[in-house]
Amino acid sequence: MLLSAFGSLLQLLYLAMLVLAVVAFVFAATAREDAYRAADKKKKSFWLIILGIAVAVNLLIPMLFLQLAGVVASIVFMVDVRPALKEVSGGGGGGGGGRRGGSSSDGPYGPYNGGR
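Right, let's talk about the confidence of the model for the protein chain for a bit. Considering every residue of the protein chain, the mean pLDDT works out to 84; 78% of them sit at 70 or more. The weakest mean pLDDT in the protein chain belongs to strand β1 (residues 106-107) at 64; the strongest belongs to helix α3 (residues 44-60) at 95.

You can see Ser74 is positioned in helix α4 (residues 64-89). Ignoring sequence-local partners within four residues, the contact set of Ser74 consists of Leu20, Ala21, Ala24 and Leu51.

Counting residues in hydrophobic clusters, the biggest one holds 12 residues: Ala24, Ala28, Ala31, Ala35, Tyr36, Ala39, Trp47, Leu51, Phe77, Val81, Ala84 and Leu85. Secondary-structure elements contributing two or more residues to this core are α1 (2-30), α2 (33-38), α3 and α4. Tallying contributions element by element places α4 first for this core, with four residues. Residues contacting Ala24, with those up to four places away along its chain left out, are Leu51, Ser74, Phe77 and Met78.

Packing of α3 against α4 brings their axes to within 9 Å, and their N-to-C directions diverge by 140°. What the angle tells us is that α3 and α4 run oblique. Where α3 crosses over α4, the two elements pack in a sense that is left-handed. Touching Trp47, Ile50, Leu51, Ala54, Val57 and Asn58 of α3 are Leu66, Gln67, Gly70, Ala73, Ser74, Val76, Phe77 and Val81, all from α4. Residue classes in the contact of α3 with α4 are distributed as 10 nonpolar, four polar and no charged.

Side chains three or four residues apart in an α-helix point the same way, a direct result of the helix having 3.6 residues per turn. A rise of 1.5 Å per residue sets the reference length of α1, with its 29 residues, at 42 Å; its end C-alpha atoms lie 42 Å apart and thus fit the reference within 8%. Inspection of α1 places Met17, Leu18, Ala21, Ala24 and Ala28 among the buried residues, and these make up the whole buried set. On its buried side, α1 packs onto α2, α3 and α4.

For the coordinates displayed, the defined rule picks out two aromatic pairs. A centroid spacing of 5.3 Å and a plane angle of 80° characterise the contact between Phe46 and Trp47, whose relative ring orientation is edge-to-face. For Phe46, a relative accessible area of 35% corresponds to the partly exposed category. Among the residues examined, Trp47 registers a relative accessible area of 7% and is labelled buried. An aromatic cluster is present here, built from Phe46, Trp47 and Phe77 joined pairwise through their rings. Just above the ring of Phe46 sits the side chain of Lys42; from NZ or CZ to the centre is 5.7 Å. The ring of Phe27 has Arg82 lying over it, and the distance from NZ or CZ to the ring centre is 3.7 Å.

Bringing the side chain of Gln67 into the picture now. With respect to the helices and strands, Gln67 occurs in helix α4. The residues contacting Gln67, other than those within four sequence positions of it, are Tyr14, Met17, Val57, Asn58, Ile61 and Pro62.

Moving on to α3. Under the 1.5 Å per step criterion, the end-to-end length of α3 is 24 Å for 17 residues, consistent within 8% with the ideal 24 Å. For α3, every residue scored as buried is listed here: Lys44, Trp47, Leu51, Ala54, Val55, Val57 and Asn58. Contacts made by the buried residues of α3 are with α1, α2 and α4.

The rules behind these values
- Residues numbered from 1 in each chain as written.
- Predicted model: local features only at pLDDT ≥ 70, side-chain atom pairs only at ≥ 80, totals over all residues.
- Heavy atoms only, no water.
- pLDDT = per-residue confidence, 0-100.
- Helix = DSSP H or I, 4+ residues; strand = E, 2+ residues; numbered from the N terminus.
- Contact = heavy atoms within 4.5 Å.
- Core = buried A, V, L, I, M, F, W, Y, C linked by side-chain atoms within 4.5 Å.
- Buried < 20%, exposed > 50% of the residue type's maximum accessible area, 1.4 Å probe, protein only.
- Axes fitted to C-alpha atoms, helices over the stretch in contact; angles between N-to-C directions.
- Parallel < 35°, antiparallel > 145°, perpendicular 65-115°, else oblique.
- Left-handed = near helix turned anticlockwise from the far one by under 90°.
- Nonpolar A, V, L, I, M, F, W, Y, C, P; charged D, E, K, R; others polar.
- Expected span 1.5 Å × (residues − 1).
- Phe/Tyr/Trp six-rings, centres within 6.5 Å; stacked < 30°, edge-to-face > 60°.
- Lys NZ or Arg CZ within 6 Å of the ring centre and 35° of its normal.

Here it is as structure tokens:
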């Protein structure tokens, strides 16, 4: 009973690692080549090779050490490279409707000053 629960937990972990690698690979493949240079990151081909290997390892070689290396590469891409690419490409911004800057007290029509 306990071993089967642990086995299914490991399968979920393997699936999560595979999904993360595939998503990172797709994001790397869809970004423009010049955005990598403009963001001063490694070349697009570098990230496609690294993330492609991560996907292949997750699919073909169930060795946890290699899979963890792929997860690290995927996380680095998702938290460092992808935001830089979005910023350079003009696709970032977050919740402010595409505008940059401002403060936390800004409303949709400008700064909120409490009626002063």
